[in-house]
Amino acid sequence: MPLEDEKPREPPRPIYFDTAATTRVAPEVREAMFQVLADPMLFANPSSAEHGLGRQAAVVIDQARDAIATELACETDEVIFTSGATESINLALRGIALSHAEHGRHIVTSMIEHKATLACCAALERDGFSVTYLAPSTSGVVSPESIADALQPDTLLVSIMHTNNETGAMQPIEAIAALAAERGVLLHIDAAQAAGKFPISLTRTPIDLLSLSAHKFHGPKGIGCLAVRDRRRLRLQPLTYGGGQEFGLRPGTLPTHQILGLALALTLAAARRDEDLKHVTALRAQFVDAVTNKLGAIIHGDPDCASPYILNFAVPGIRSDALINQTAAEIAIASGSACSSGAFEPSPVLRAMGIEGDSLYGAVRISFDRSHTEDDIGTAVETITAAIHRMRMLQA
Ligand code: PLP
């Protein structure tokens, strides 16, 4: 099948503004994955070390693992492939809890974590662990001081997200890591919204475990990794048992094309990180300027300490579900609260930031990527403005 250009020419609508949910696979990544799938020498099981075909597939895996380790500044054998950030987070939290329960049964996290963390913590609570859920500031930031105050003698682990998926709020990871290291507590960082977009060095920053998903940075869905610093010392317990792949931590046949896609997407994202960051920062500023001036939109969180890839806002008097529906033909935006059930629920993340009423029920997330242009932002603003005029006319 021919591979298309990164941005579809036809049909151009709706313009996709939900890159925090997932991104398009970069054409270079699709091409390279397709090559692996089509190559008659690369289909073998990478664990079939007895024959050359298996060993050739293993070379692709080894190179991918090396590339990821280079980007994250960790050791090659500290990269554990998983199906994505959800599985990585579960392996990190549950794996540490199960293997270190005799040293402590307390975990510190925040109220604004992704459901993967919150649901895993809830399951651990049912298994007898205790969890402190810290509230963020009104900007959506969890302070290192609040973490320090929450630590107990039996605290095993702190788990904090690098960048919030609803508001873009970025956490003070360096200070949190320094604190955890000083207090001798393990630290897991959910970097699903940060990997590829912001520099992460596991050598410079003392992070013990770090989770990511390829599809958030133009890689394929269904693949991610957990970086585990000093794996032998950490003694993580696996969640599944099988053939011993991934150092026994995540058994199962390795998907060669997916792993190559993850590594290439991360390498490409890192190579264009500064350029992309500058681009989306300018686009976000254009959007914020227009919606605040034209529509009196309220921006949730503080753009100065947030990822420019994600913006959460509300227009007074306008409900988010109505705005999303009214603009759906032209732009794909989201309410921001990852809503697997399909039922509309106000965001617990925004609530934890003290946002209530109109702002809460009107919260909309728009998220950007390298493919967007100033014209796309112009279309988004015009579409939102026209929809709001229509809705206000109907309300009048
Ligand atoms: N953590 C954060 C911050 C996310 O945004 C997401 C995805 O939405 C995840 C974890 C889970 O990632 P995945 O669905 O790829 O497992």
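Please read these numbers as outputs of a predicted model, since none were measured by experiment.

Analysis parameters
Residues numbered from 1 in each chain as written. Predicted model: local features only at pLDDT ≥ 70, side-chain atom pairs only at ≥ 80, totals over all residues. Heavy atoms only, no water. Near = heavy atom within 4 Å. Polar contact = N/O pair within 3.5 Å; in protein donor to acceptor, adjacent residues only side chain to side chain. Areas by Shrake-Rupley, 256 points an atom, 1.4 Å probe, with all protein chains shown as cover. Helix = DSSP H or I, 4+ residues; strand = E, 2+ residues; numbered from the N terminus. Nonpolar A, V, L, I, M, F, W, Y, C, P; charged D, E, K, R; others polar. Pairing = 2+ DSSP bridges. Contact = heavy atoms within 4.5 Å. Axes fitted to C-alpha atoms, helices over the stretch in contact; angles between N-to-C directions. Domains from an automatic or database assignment. Buried area = accessible area lost by both parts, 1.4 Å probe. Salt bridge = Lys/Arg side-chain N within 4 Å of Asp/Glu carboxyl O. Buried < 20%, exposed > 50% of the residue type's maximum accessible area, 1.4 Å probe, protein only. Phe/Tyr/Trp six-rings, centres within 6.5 Å; stacked < 30°, edge-to-face > 60°. Lys NZ or Arg CZ within 6 Å of the ring centre and 35° of its normal. Parallel < 35°, antiparallel > 145°, perpendicular 65-115°, else oblique. Left-handed = near helix turned anticlockwise from the far one by under 90°.

Colleague: Which parts of the structure should I look at to understand the site of the ligand?
Modeller: Around the ligand, the structure places 13 residues, and the nearest of them are T86, D190, S213, H215 and K216. Within the contact set of the ligand, a nitrogen atom lies 2.6 Å away from a side-chain nitrogen or oxygen of D190. In the environment of the ligand, an oxygen atom lies 2.7 Å from a nitrogen or oxygen atom belonging to the side chain of H215. Starting from 390 Å² of accessible surface for the ligand in isolation, the protein chains cover 84%. At three residues, the largest contribution of residues to the shell around the ligand is made by helix α3 (residues 85-100). Partitioning the shell around the ligand into residue classes produces four nonpolar, seven polar and two charged.

Colleague: Got a minute to help me understand the sheet that holds strand β10 (residues 310-314) in this structure?
Modeller: Within a beta sheet, neighbouring strands are joined by backbone hydrogen bonds and run either parallel or antiparallel to one another. Here we have three strands laid out as an open sheet, ordered β9-β10-β12, and antiparallel in their pairing. On the outer flanks of this sheet lie β9 (298-299) and β12 (364-367), each paired with one strand and no other. Note that β9 and β10 share two bridges and pair antiparallel. Opposite I298, over in β10, you have A314 as the bridge partner. Packing of helix α9 (residues 273-295) onto the sheet brings it into contact with β9, β10 and β12, and relative to β10 it is tilted by some 5°.

Colleague: Even after reading the chapter, I still don't get the domain arrangement of the chain, so can you show me in this structure?
Modeller: Often, the extent of an interface is quoted as the loss of accessible area on bringing the components together. You can read the domains of the chain as domain 1 (27-271) and domain 2 (273-395). Here the C-alpha centroids of domain 1 and domain 2 sit 29 Å apart. Residue-level contacts link 26 residues of domain 1 with 23 residues of domain 2. Approximately 2200 Å² of surface area, both sides summed, lies buried where domain 1 meets domain 2, with 55% of it carried by carbon and sulfur atoms. Contact with domain 2 buries area across many residues of domain 1, yet E166, T167 and K197 alone supply 30% of it, more than any other trio. For the pair domain 1 and domain 2, the interface holds zero salt bridges. If you look at where domain 1 meets domain 2, you find seven residue pairs in polar contact (both at pLDDT 80 or more). Looking at side-chain class alone, the side of domain 1 that touches domain 2 contains eleven nonpolar, twelve polar and three charged residues.

Colleague: Explain the environment of I89 here, please?
Modeller: Residue placement: I89 occurs in helix α3. Along the chain, I89 and S211 lie 122 residues apart, while their C-alpha atoms are 6.0 Å from each other.

Colleague: Can you walk me through unusual backbone geometry in this structure?
Modeller: Glycine aside, negative phi is the norm for most residues, and most peptide bonds take the trans geometry. A positive phi angle, near 70°, is found at H218, a position not held by glycine. With respect to the helices and strands, H218 occurs in the loop between β7 (209-213) and β8 (224-228). H218 sits in the buried class, given a relative accessible area of 7%. Of note in this structure, R235 is not a glycine but carries a positive phi near 50°. In this structure, R235 sits in the loop between α7 (231-234) and α8 (256-271).

Colleague: So what exactly am I meant to see when it comes to the packing of aromatic side chains here?
Modeller: Both the distance between ring centres and the angle between the ring planes are used here to describe each pair of aromatic rings. On inspection of all chains with the given rule, the structure shows four aromatic pairs. Ring centres of F198 and Y309 lie 6.4 Å apart, and the angle between their planes is 85°; on these two criteria the pair is classed as edge-to-face. Of this pair, F198 sits in the loop between β6 (186-190) and β7 while Y309 sits in the loop between β9 and β10, placing them 111 residues apart in sequence. A residue is classified by how much of its surface remains accessible, and F198, at 9% relative accessible area, is buried. Pairing F287 with F313 gives two aromatic rings, centres 5.4 Å apart and planes at 65°, and the pair type is edge-to-face. One end of the pair, F287, is in helix α9; the other, F313, is in strand β10, and 26 residues separate them in sequence. Across this residue pair, the class does not change: F287 and F313 are buried. Three or more aromatic residues link up through ring pairs in this structure, and these residues are F17, F287, F313 and F368. Its guanidinium or amino end placed over the ring of F129, R105 lies 4.4 Å from that ring's centre, counting from NZ or CZ. When the ring centre of Y309 is taken as reference, the NZ or CZ atom of K197 above it lies at 5.3 Å.

Colleague: How should the packing of helix α1 (residues 27-38) against α8 be read in this particular structure?
Modeller: Packed helix pairs are characterised by how far apart their axes lie and by the angle those axes make with each other. Here α1 crosses α8 at 155°, and the two axes come no closer than 9 Å. Compared by their axis directions, α1 and α8 come out roughly antiparallel. Both α1 and α8 take part in a crossing whose hand is right-handed. Where α1 approaches α8, its residues E28, V29, A32, M33, V36 and L37 are matched on the opposing element by T256, H257, Q258, L260, G261, L264, A265 and L268.

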